[in-house]
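Examining the three-dimensional arrangement
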Amino acid sequence: MKDAAQAGRPRPPLLLNNIGTLLTLQGGRDPRRGRELGNLNVIANAAVLCRDGKIATAGPEREVLKHAKELGADPEIESFDCKRGTVMPGFVDSHTHPVFAAPRLLDFEKRIQGASYQQIAETGGGIRSSVESVRSASEVDLAQGVLAAFRHMQSSGTTTAEAKSGYGLTTEAELKSLRAIRQAAGEWPGTVVSTLLGAHVVPPEFAEKPHEYVKLVCEQMIPRVASDKLADFVDVFCERGAFTLPQTELIFDAAREHGLGVRAHVCQFSPQELSRLKRFSPASFDHLDCLSDQDLKSLAQQDTVATLLPGASYFLAHSYPPARRLIEAGAAVALATDYNPGTSPTTSMPMILSMACTQMKMTPAESISAATINGAHALRLGGSKGSIEAGKDADLALFAVSDYRELCYWFGGNSCSAVVLNGILMKN
Ligand SMILES: [Zn+2]
């Protein structure tokens, strides 16, 4: 993870004034669950003062201006007029796959003509079709694509992004993908969390001996990634046609042995017995479209965040995850884009919020919490990201709307007019 605020030279304090509606999401150290998910902590007529990349004060404008004066540095303070718009924590997009070389347009057309995701995968399309181009791409070219993705994310309000490898599927190509993420992260003022997804799918050359590929992930990829400090997490696509639960356990064991956190793609197309993975305390279980009642109840008792990815349901035209049941059971629900070339080619968190509201019946307030504070917890960054409170990183998004519900209401456009990333103001 990179913190740009620590890397740059000192900047003057930044004052965001004339905020019509401020959503602080202040309160509590834990992810939001149940009714709490809808609590945004809304303040009208507000301001936010940022200093040294952190939030110094946030609240009613009069109080914040008083604090700014006390700093005794008025002429040096950089002021930004928010023109009565809505300011909230920048989105934390906790699940993305930005390291790829080309869109998958053939798969897209085939699916429109009736082929299923599995049928496309079985005939050499799907994840495997992205592998060849990533293996042959240069690290510099991959890094450029990742940086372009981060900038797109930023343009619609994202200030922290998780980024996975997973289209290389050799030790060298996975390391190259993670180095591309690191290079792009070094050029972007936002915050990036890297994840090794060497276990995305079994590559064709291991089709007859998947256990050997799992061994390669455990004995080569994970140790190299850990020693080069290229990732914070290890992820597994635990699914029919990808990796089994026992294989996932082996990979998680290796990750733990090397001090890396774990997360997993689970229950996207078929249910899995998630209780078997509980002992690893995964940071998140992602997708959960086919979750059993038993696992749903068990998730409500865990710290593991339930990360829902409606973009993939939309793009594949299949059922959406059971958001209402998860929220009502008390699970910690997050929302992310799942940005990837095969099943969710979008970087727009506002579009994901729209889907969460219209297709999964989350309220606008619930979807905003899920996309900010709970996304931060899914990356184990709940102490520094996801809400606007003194001492946390200055990651903010400004939208040219007077009511926060408009974020979820207008779809397909972009009302984000500026972001602050680790204290750095970037206008759209
Ligand atoms: Zn994914």
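This one's a predicted model, so the numbers in the text were calculated from it and none came from an experiment.

The next subject is the packing of helix α13 (residues 349-360) against helix α14 (residues 364-371). Remark: α13 packs on α14, axes separated minimally by 9 Å, with the N-to-C direction vectors making an angle of 135 degrees. Between α13 and α14, the crossing angle belongs to the class labelled oblique. Classified by chirality, the crossing of α14 by α13 is right-handed. Where α13 abuts α14, its residues Met349, Leu353, Ala356 and Cys357 lie against Pro364, Ser367, Ile368 and Ala371. Partitioned by chemical class, the residues of the contact of α13 with α14 number 7 nonpolar, 1 polar and no charged.

Within strand β8 (residues 191-199), 9 of the 9 residues are buried, which leaves the element mostly enclosed by the surrounding structure. In terms of strand pairing, β8 meets strand β9 (residues 233-237) through 3 bridges, oriented parallel. In the strand pairing of β9, Leu196 is matched with Val234. Since β8 and β9 lie parallel, the crossover through helix α8 (residues 210-227) that links them has a hand, and here it is right-handed.

Each assigned domain of the protein chain is listed here: domain 1 (4-90 + 387-427) and domain 2 (91-378). Computed over C-alpha atoms, the centres of domain 1 and domain 2 are 29 Å apart. The interface is formed by 36 residues belonging to domain 1 together with 39 residues belonging to domain 2. Summed over both partners, the interface of domain 1 with domain 2 comes to about 2,700 Å²; 66% of that surface belongs to carbon and sulfur atoms. Counting across the interface, domain 1 meets domain 2 through 0 salt bridges. Counting across the domain 1 and domain 2 interface gives 10 residue pairs in polar contact (both at pLDDT 80 or more). At the level of elements, β5 (86-89), β14 (396-399), α16 (406-409), β15 (416-421) and β16 (424-427) are the ones that each hand at least two residues to the side of domain 1 that touches domain 2. Sort the elements by how many residues they give to the side of domain 1 that touches domain 2 and β15 lands first, with 4 residues. Among the residues forming the side of domain 1 that touches domain 2, the class breakdown is 21 nonpolar, 8 polar and 7 charged.

The rules we used
Residues numbered from 1 in each chain as written. Predicted model: local features only at pLDDT ≥ 70, side-chain atom pairs only at ≥ 80, totals over all residues. Heavy atoms only, no water. Axes fitted to C-alpha atoms, helices over the stretch in contact; angles between N-to-C directions. Helix = DSSP H or I, 4+ residues; strand = E, 2+ residues; numbered from the N terminus. Parallel < 35°, antiparallel > 145°, perpendicular 65-115°, else oblique. Left-handed = near helix turned anticlockwise from the far one by under 90°. Contact = heavy atoms within 4.5 Å. Nonpolar A, V, L, I, M, F, W, Y, C, P; charged D, E, K, R; others polar. Buried < 20%, exposed > 50% of the residue type's maximum accessible area, 1.4 Å probe, protein only. Pairing = 2+ DSSP bridges. Right-handed = clockwise from strand over helix to strand, strands pointing away. Domains from an automatic or database assignment. Buried area = accessible area lost by both parts, 1.4 Å probe. Salt bridge = Lys/Arg side-chain N within 4 Å of Asp/Glu carboxyl O. Polar contact = N/O pair within 3.5 Å; in protein donor to acceptor, adjacent residues only side chain to side chain.

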